[in-house]
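Secondary and tertiary structure notes
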Amino acid sequence: MNCSIFTVLFAHFCCLTLLTFHFGISTSSSAIACIPSERDALLRFKAHLIDPSNRLSSWNASNTNCCHWAGVVCSKVTSHILQLNLNTSPHDDDYYSYLESREAYKAYLRSMFGGEINHSLVDLKHLSYLDLGGNDFGAIQIPSFLGAITTLTYLNLSDAGFYGNIPHEIGNLSNLLYLDLSYAASGEIPYQIGNLTNLLRLDLPSEYGEPLFVENLHWLSGLSYLQYLDLSYLRLFGCTLHHYNQPSTVNFSSLITLDLSDTNSFVPKWIFGLRKLVSLQLRENNIQGPIPDGIQNLTLLQNLDLSINSFSSSIPDWLYGLHHLKFLNLGSNDFCGSISVALGNLTSLVVLDLSGNQLEGKIPTSLGNLCNLREIDLSHNSIHGALPMSFGKLSSLRFLDLSKNQLDGNPFGILRSFSELFQLLIDGNLFQGVVKEDDFANLTSLEQVDASGNNFTLKVGPNWHPIFQVSELGMNSWQLGPSFPSWIHSQKYLNYLDLSNAGISDSIPSWFWETISFVSDLNLSHNHIHGELPNILKNPISIESVDLSSNHLHGKLPRLFVDVSWLDLSSNSFSGSMNDFLCKSQDKPMPLRFLNLAANNLSGEIPDCWIMWPDLVDVNLQSNHFVGNLPPSMGSLALLQSLGIRNNSLSGMFPATLKNTSKLISLDLGENRLTGIIPAWVGERLLNLKILRLRSNRFLGHIPNQICDMNFLRDLDLALNSLSGNIPKCFNHLNAMLLKNKTMNSFIYTNASDWGIEFSSISTLIWVKGRGIEYRNLLGLLTNIDISNNNLSGGIPREITNLDGLIYLNLSKNQFTGQIPSSIGNMRSLESIDFSRNRLSEEIPPSLSNLSFLSKLDLSYNLLKGKIPTGTQLQSFEASNFIGNDLCGPPLPVNCSSNVQIPNDNHNGKKSDDHEMNWFFVSMALGFIVGFWVVVAPLFIYRSWRYAYFNFLDDMWYKMQSFFRL
């Protein structure tokens, strides 16, 4: 956004630099022939380079005039080589195109030079300009011999793969006017840089992970001619920029551009005296409070970047008096209040970024005064209301981001005249209304559109062909159906397409797969699309990310091509075996990262050819009809982080093949027919698990103590098995369930660090209050232990009450005895407790009433006695949560003083009959005796009846055994 001003400044500087060469530069004069010794020096230099794309093909002995070689500039007077430009850095426009295309990005990487920088450059005795920026020299140190090329006035080694310390010999280049070492070094900046007293421009930004640092900045005092200074990401050890408050210490009066981003610095007061300053960047410094008033003294400012800090309060009114501002970035702070009407005074603004704050209110009508605006970003605020009509005056806009606000109305009537608009992002608002062909008639420049998450209805004719050609199109939650939108056929350059939840009730037309041949991200989920994919596709799917989930697709699974990294076909009706999909025609490893086939009708055994899918990170096969056990080759998935196979018919022992999947974060084998013990190695080998769900299987034996070593475990669900023994006392070692280790990350992610989509949020089913709830958005904040419906016995260990970060605890339907631990009140995060249907005895601990977040409590059907502790929480629960004990006091209708049930109101004015219940039991007993002998007596009398009856029982027993073996 704010690069243009630097481009202008740099252009002026280059003009000044070129003037120093007078008229002695030539790039094409046929009368100029290079000097042989300098040609030989270049050939030696080339011999040590790696040139994958053969950019230096003109550098060869047969082409003797090196002045005509690529990147070489000679003097037309002396024929000496003056300039060597081998920069590979992309221009801004190229850079974004590289990001949008994997092939373009690969071609860009191939164009980079590598290898070594040969000493022969020193033989170019008249070289004044050397640019090696944007290459990949393989993490080598900047060659110290460059300090011997003392004729240099321009040196650019930025972002070229250099690594390590800056050689102090650079300080010998006393003629340098321009020095750019951006992202080219780490370690301490040598003080000899201060010898370069003629410098006009100094760039020293460094990598975030390996920053440059200094212990003092005294060497800056000699650089009094500096006009451009970039020290972003610099680490200041033992000093701060506040040490340089006095002009006698350092004279920066010539500075035009200053970048101190991410230097962990406050705003030094001497900045306020830089009256020539045109550009000031202080982003990402964690600066708090209001914007310093001293900035209003910098009346020539054209570029002000204060983004990614912690500025709070409202935006000060004096800011709107900086009338020269062209670029204003206050994004990602904590500014609050409304956007002032005075914003309309900044009529020179070209770029405005107020995103990621807490701004509210409406967009002021005065924004329409800023007719020079090219880019507006107001996203991620709480701005509401409709766009003002004056917004339509901003017809020169190229970039507009209003996403993630509360704006309403229909903006397309205002935006329809924006013929230069390149990027339109209005997703995640409350916009609504009908959008017609005319609304797009003038939007000829559109290339990126995301209007998802609103309530638009598109009404266009069947032959509509949009005038624009977009590369990214997001129309999630629009009403586009019921027919598949045929106008998509006209879009030839789509790279991203989201038509999810768009009311489409049609099959996918055959032309669609040819139209989206360049698409890398496709989302057609949550529609009513039907049909069989293999009957539609002429070729295997080659899109990087495909989401066709929650539709009505059926038949066999489609074949994949090698480019697919994300595939979600869940919640459809695909059927049959996975064998063809997983194993057929796979002659080399596939790069798939994420595979979701949940909630289909797939059946048979899970195929044993996972070795061909080594990059899988997330596999979800739940809610199908798979049988057997996990195949051995699943153990080859060394990168696997999430495996969900719940709600199938798997059988056999706990899958030993998972021993090698040590990166697992989530393992869900619930609702199957697995048997045997839970092996100890689960707690020894799967130490990264956050979710372990083995619910509703047939596991036996004890809960292994090794589970206590799983420091990241947040969800432990072993319910509905046949486990026995005691609760391990070491449960208090489950560190993720301690309040001190509480995380603020609401999601649990799987991560794949590669091109494109890098993560996926995990979901899991947690049973609370008798209901299974699928958690995803809040899963990272939840903690759960559910070991209900087993044969566990013994007491509830006191140690478990140390888990003060545990939210859900279910121990119901076991055989626990003894008292509820008196320290249960320490579990202050508990929202749900279920101890019902055990054999717990004695009184309810008074500390239970201290659990202020408790919303569910069930202590029914135990051997508890005494008074229910008094507290706001406990008396608010239903009496049914305490029945089946010998308890008294509210909410039970039993008075503790007499231990007699309090009678219910009798609206008929009659007393209850104390003997009525006794007669009921007498009648029931007589009925049982008579019924028993009516059935049994004939069996004693008639032998044939006895044989027929017992043959019937044998047959039923055999059928039941056969059923349970399945």
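Conventions adopted
Residues numbered from 1 in each chain as written. Predicted model: local features only at pLDDT ≥ 70, side-chain atom pairs only at ≥ 80, totals over all residues. Heavy atoms only, no water. Helix = DSSP H or I, 4+ residues; strand = E, 2+ residues; numbered from the N terminus. Contact = heavy atoms within 4.5 Å. Areas by Shrake-Rupley, 256 points an atom, 1.4 Å probe, with all protein chains shown as cover. Pairing = 2+ DSSP bridges. Axes fitted to C-alpha atoms, helices over the stretch in contact; angles between N-to-C directions. Core = buried A, V, L, I, M, F, W, Y, C linked by side-chain atoms within 4.5 Å. Buried < 20%, exposed > 50% of the residue type's maximum accessible area, 1.4 Å probe, protein only. Salt bridge = Lys/Arg side-chain N within 4 Å of Asp/Glu carboxyl O. Disulfide = S-S within 2.5 Å. Phe/Tyr/Trp six-rings, centres within 6.5 Å; stacked < 30°, edge-to-face > 60°. Lys NZ or Arg CZ within 6 Å of the ring centre and 35° of its normal. Expected span 1.5 Å × (residues − 1). Arc of directions from axis to C-beta. Polar contact = N/O pair within 3.5 Å; in protein donor to acceptor, adjacent residues only side chain to side chain. pLDDT = per-residue confidence, 0-100.

Attention now moves to the overall build of the protein chain. Looking only at helices and strands, one finds eleven helices and 64 strands in the protein chain. A separation threshold of at least 6 residues defines the contact pool for the protein chain, and within that pool the share at least 24 residues apart is 55%. Put simply, the protein chain shows about 43,600 Å² of open surface, and 53% of that area lies on carbon and sulfur atoms.

Take the sheet that holds strand β25 (residues 406-409) next. Backbone-to-backbone hydrogen bonds pair the strands of a sheet. The strands run either parallel or antiparallel. Strand order across the open sheet formed by six strands is β19-β21-β23-β25-β27-β29, with parallel pairing between neighbours. Each end of this open sheet is capped by a strand with a single partner; those strands are β19 (336-338) and β29 (455-459). Strand-to-strand twist in this sheet, taken as the mean axis angle between neighbours without regard to direction, amounts to 20°. Pairing of strand β21 (residues 358-361) with strand β23 (residues 382-385) involves two bridges; the strand directions are parallel.

The next point concerns the nonpolar core. Looking at soluble globular proteins, one finds that nonpolar side chains tend to be buried together. Membership of the largest hydrophobic core comes to 241 residues, with the highest contact counts inside it found for I271, F391 and W610. Contact partners of F391, with chain neighbours within four places excluded, come to I363, L367, I376, L397, L400, I414, L415 and F418.

This brings us to the pattern of salt bridges. Taken as a whole, this structure holds 18 salt bridges when the rule is applied. The closest approach of N and O atoms between E774 and R646, which form a salt bridge, is 2.8 Å. Separated by 128 residues along the polypeptide, E774 in strand β53 (residues 771-775) and R646 in the loop between β42 (642-644) and β43 (649-652) bring together distant segments of the chain. Judged by its relative accessible area of 39%, E774 falls in the partly exposed class. Residues R693 and D668 are paired through a salt bridge, measuring 3.2 Å at the closest nitrogen-oxygen approach. Residue R693 is found in strand β46 (residues 691-693), and its partner D668 is found in strand β44 (residues 666-668); the two are separated by 25 residues along the sequence. On the accessibility criterion, R693 (0% relative accessible area) is buried.

Turning next to the sheet that holds strand β49 (residues 724-725). Pairing within the open sheet is parallel, and its six strands lie in the order β49-β55-β57-β59-β61-β62. Where the open sheet ends on each side, the last strands, each with one partner, are β49 and β62 (886-888). The pairing of β49 with strand β55 (residues 791-794) spans two bridges and is parallel. Its bridge partner lying in β55, S724 is registered against N791.

Per the stated rule, a full pass over the model turns up five disulfides. The disulfide that involves C67 links it to C74, with 2.1 Å between the sulfurs. Between C67 and C74, the disulfide has an S-S torsion of -100° and is therefore left-handed. Judged on exposure class, the residue C67 and its partner C74 are both buried. Each disulfide in the protein chain links cysteines that, numbered along the sequence, combine into the pattern 1-2, 3-4, 5-6, 7-8, 9-10.

Now for the side chain of S186. Residue position: S186 is located in the loop between β7 (178-180) and β8 (187-188). Take S186: its relative accessible area is 8%, and that puts it in the buried class. Setting aside chain neighbours within four positions, we find S186 in contact with Y163, G164, N165, I166, E210, P211 and L212.

A complete count under the given rule lists 25 aromatic pairs for this structure. When the ring of F456 is compared with that of W478, the centres are 4.8 Å apart and the planes differ by 45°; the resulting orientation is tilted. You can see F456 sitting in strand β29 and its partner W478 sitting in the loop between β30 (472-474) and β31 (496-498), a full 22 residues away along the chain. Here F456 and W478 have matching classes, each one buried. Among the aromatic residues, those joined into a ring-pair cluster are F412, F431, F440, F456, W464, F468, W478 and W487. It is R201 that lies over the ring of Y228; its NZ or CZ is 3.7 Å from the centre. The ring of Y861 has R837 lying over it, and the distance from NZ or CZ to the ring centre is 4.4 Å.

Among the secondary structure elements, L522 is positioned in strand β32 (residues 521-523). Exposure remark for L522: the relative accessible area of 0% places this residue in the buried category. Note: C-alpha distance between L522 and L494 (28 residues apart in sequence) is 9.8 Å. Not counting residues within four places of it along the chain, the set of residues in contact with L522 comprises L497, F512, W513, I516, I543, S545, V546 and D547.

This next bit is on the pairing of β53. Moving residue by residue along a regular strand, the side chains alternate between the two faces of the sheet. Where strand β52 (residues 764-768) lies against β53, five bridges are found, and the strand directions are antiparallel. Residue pairing for β53: W767 is matched across the bridge by G772. Hairpin remark: β52 followed by β53, antiparallel, with two residues in the connecting loop; positive phi at K769, about 55°.

Once that is clear, we can look at the pairing of strand β27 (residues 430-436). Of the pairings in the sheet, the one linking β25 to β27 comprises two bridges and is parallel in character. The residue of β27 that forms the bridge with G409 is F431. Here β27 pairs with β29 via five bridges, running parallel. By the bridge assignment for β29, Q432 is matched with N455.

The terminal C-alpha atoms of helix α2 (residues 36-47) lie 17 Å apart, and with twelve residues this matches the ideal 16 Å at 1.5 Å per residue to within 8%. Buried within α2 we find E38, R39, A41, L42 and F45. Taken down its axis, α2 places every buried residue within 160° of arc, on the same side. Where α2 is buried, its residues contact β1 (49-50), β2 (72-74) and β3 (81-85).

A separate point is unusual backbone geometry. A negative phi angle characterises most non-glycine residues, just as the trans form characterises most peptide bonds. In this chain, G481 is followed by P482 through a cis amide linkage whose omega measures 10°. Considering the arrangement of structural elements, one finds P482 in the loop between β30 and β31. Cis peptide bonds are those with omega within 30 degrees of zero, and the linkage from P890 to P891 qualifies with 10°. With respect to the helices and strands, P891 occurs in the loop between β62 and β63 (894-895). For D262, which is not glycine, the phi dihedral falls at a positive 50°.

Attention now moves to the side chain of N838. Mapped onto the elements of the fold, N838 is located in the loop between β58 (832-834) and β59 (839-842). On the basis of relative accessible area, N838 is assigned to the buried category, the value being 7%. There is a polar contact of 3.2 Å between the side chain of N838 and the backbone oxygen of S836. With residues near it in sequence (within four places) discarded, N838 still touches L811, S812, K813, N814, Q815, F816, Y861 and N862.

Glancing now at the confidence of the model for the protein chain. Looking at the protein chain, the pLDDT average stands at 87 and 85% of residues meet or exceed 70. This stretch, residues 243-248, has a pLDDT under 50; its non-local contacts, to residues over four places away or in other chains, come to ten contacts. In this model, residues 957-966 is a region of pLDDT below 50 whose contacts with residues beyond four sequence positions or in other chains number three contacts.

Attention now goes to the environment of L700. In this fold, L700 is placed in strand β47 (residues 698-700). Leave out the neighbours within four places in its chain, and L700 touches G676, I677, I678, S722 and L723.

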